[in-house]
Amino acid sequence: MPPEVRPGPAADRRPTVSVLAYEGMSVFETGIVTEVFGLARPEFDVPWYELTVCAERPGPVGVVGGASLYTPHGLDAFAEADTVIVPGVPDVTAAASPGVVAALRRAHRRGARIMSICSGAFALAGAGLLDDRAATTHWRYADLLRRRYPAVRVDPRVLYIDDGDVLTSAGSAAGLDLCLHVVRLDFGAAIAGAVARRLVVQPHRDGGQAQFIEAPMPAAPDDDRVARSMAWALEHLAAPLSVEALARQAHMSARTYLRHFARCTGTTPIRWLITQRVRASLVLLETTGMTVERIARSTGFDTPVTYRHHFTRTMRTSPSAYRRAFQTGHPEPSGDPTSG
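As the structure is a prediction and not an experimental result, all values here were calculated from the model.

Draft legend 1. The arrangement of helix 14 (residues 319–326) in detail. The buried count for helix 14 comes to 6 of 8 residues, which makes it a mostly enclosed element. For helix 14, the set of buried residues is Pro 319, Ala 321, Tyr 322, Arg 323, Ala 325 and Phe 326. Where helix 14 is buried, its residues touch helix 6 (172–187), helix 11 (269–287), helix 12 (292–298) and helix 13 (304–315).

Draft legend 2. Inspection of the sheet that holds strand 6 (residues 113–116) at higher detail. Spatial ordering of the open sheet is given by 2-1-5-6-10-9, a layout of 6 strands whose pairing is mixed. Single-partner strands in this sheet number two, and they are strand 2 (50–55) and strand 9 (160–162). Between one strand axis and the next, the sheet turns through 15° on average, direction left out of account. Pairing of strand 1 (residues 16–21) with strand 2, which is carried by 6 bridges, proceeds in the parallel orientation. Bridge pairing links Ser 18 to Thr 52 in strand 2.

Draft legend 3. Quick peek at the pairing of strand 10 (residues 166–169). Where burial is concerned, the two faces of strand 10 agree: the one with Val 166 and Thr 168 and the one with Leu 167 and Ser 169 are both buried. Bridge analysis of strand 6 against strand 10 gives 3 bridges, and the strand direction is parallel. Looking across to strand 10, one finds that Ile 114 is bridged to Val 166. The pairing of strand 9 with strand 10 spans 3 bridges and is antiparallel. Opposite Ile 161, over in strand 10, you have Thr 168 as the bridge partner. Hairpin connection of strand 9 to strand 10: 3 residues between the antiparallel strands, including Gly 164 at a positive phi of 85°.

Draft legend 4. The arrangement of the packing of helix 1 (residues 27–38) against helix 6 in detail. Helix 6 packs onto helix 1 with a crossing angle of 20° between their chain directions and a minimal axis gap of 10 Å. Looking at the two axes, helix 1 sits roughly parallel to helix 6. Both helix 1 and helix 6 take part in a crossing whose hand is right-handed. Contact residues: helix 1 offers Phe 28, Glu 29, Ile 32, Val 33, Val 36 and Phe 37, while helix 6 offers Ser 172, Gly 175, Leu 176, Cys 179, Val 182 and Val 183. A breakdown of the residues in the contact of helix 1 with helix 6 according to their chemical character gives 9 nonpolar, 2 polar and 1 charged.

Draft legend 5. Region of the structure containing the pattern of salt bridges. Counted by the stated rule, this structure contains 10 salt bridges. Asp 155 serves as the salt-bridge partner of Arg 157, at 2.9 Å between the closest nitrogen and oxygen. A relative accessible area of 61% places Arg 157 in the exposed class. We note a salt bridge from Arg 308 to Glu 293, for which the minimum N-O separation is 3.4 Å. Linking Arg 308 in helix 13 with Glu 293 in helix 12, this pair joins segments that are 15 residues apart in sequence. When its relative accessible area of 34% is taken as the criterion, Arg 308 is described as partly exposed. Three or more residues joined by partner-sharing salt bridges are found here, namely Arg 133, Asp 163 and Asp 165.

Cut-off values and rules
- Residue positions are given per chain, counted from 1 along the sequence in the order it is written.
- Per-residue local features are limited, in this predicted model, to residues with pLDDT of at least 70; the limit for side-chain atom pairs, both in listing and counting, is 80 or more; totals at the level of whole chains, interfaces and linings are taken over all residues.
- Side-chain numbers here rest on the full set of heavy atoms in the structure, without hydrogens or water.
- Whether a residue is buried, partly exposed or exposed follows from its accessible area with a 1.4 Å probe, protein chains only, as a fraction of its type maximum: under 20%, in between, or over 50%, in that order.
- Labels follow the DSSP assignment, with helices taken as runs of H or I lasting at least four residues and strands as runs of E lasting at least two, numbered in each case from the N terminus.
- Here, two residues are considered to be in contact whenever any of their heavy atoms come within 4.5 Å of each other.
- Two strands are said to pair when DSSP picks up at least two bridges between them.
- Between the N-to-C directions of two axes lies an angle of 0 to 180 degrees, each axis being a line fitted to C-alpha atoms and, for a helix, fitted only over the stretch in contact.
- Here roughly perpendicular refers to angles of 65 to 115 degrees, roughly parallel to angles under 35, roughly antiparallel to angles over 145, and oblique to all remaining angles.
- Two helices crossing with the near one rotated counterclockwise from the far one by less than a right angle form a left-handed crossing, whereas a clockwise rotation gives a right-handed crossing.
- Throughout this entry, Asp, Glu, Lys and Arg are counted as charged residues, while Ala, Val, Leu, Ile, Met, Phe, Trp, Tyr, Cys and Pro are counted as nonpolar. The remaining residues, Gly among them, count as polar.
- By salt bridge we mean one thing: a side-chain nitrogen of Lys or Arg within 4 Å of a carboxyl oxygen of Asp or Glu.

Here's what the structure looks like:
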């Protein structure tokens, strides 16, 4: 289904985000939230998020490694934010505390956006916020979540699920994908991409992507020749590119290049190119009035039909539907007589 159109944050105030700290937690998930929503980013010239770290009881919170995190903010502050995030729970086999459940329900009733990372889905389910909804969690907890909360439609295959006002993600790294997805919803592709570059991660991973694959693509292939060919391809996406052309950049035969590329990335050069071209088209759909036909040409697709086919397979929606959902308020002129 096409993504739902939702308004971004009000232009005259900073959107608020709260994240729950709990006893015995790993600080990684909270660190993800802090890194994306908590750092000041004056370079963007937008009212950036105001983050509050909260706990069930204000004061010191013991974390993994014997350290303590201190916060003066309790569940009242947690429930009052525009976006409320549960990064995990202390025990996936135990019920969420009544105080946390009440705070989540209160936040949901007044229209807050509720998010979970990893095992945090158990708290949302305990509050009844996932009943009759699709939701995800870390794959190792999925069966338990399904057994404990049979009203939840658990999907352990995906990185994250955006169900409008309630969003859930899989394990820790998928929480980063979800946080960047929220930035994209609120501020558009250009700003989300800039945040991702600061974090040295991919600017966009579709929530429907599998949680784990047999041969994931590393951020930097360990073969410099393959890495150079990939960098060259990214600079020439609009040009006709073939395996032979990429192999020449790596100074290999096509057959040898295919073998090395598969070892480094877990996929084929053509499949990788298609994904990069679709990703390159996202910013054009969001920030310009270019026609789909011109975007197809600009990102290296032979025809608009081919572009629409691969876009739909990758993004699970059409280019036009994606544009309606994510285009910024003032797209740059297309230079075309039409902008359909």
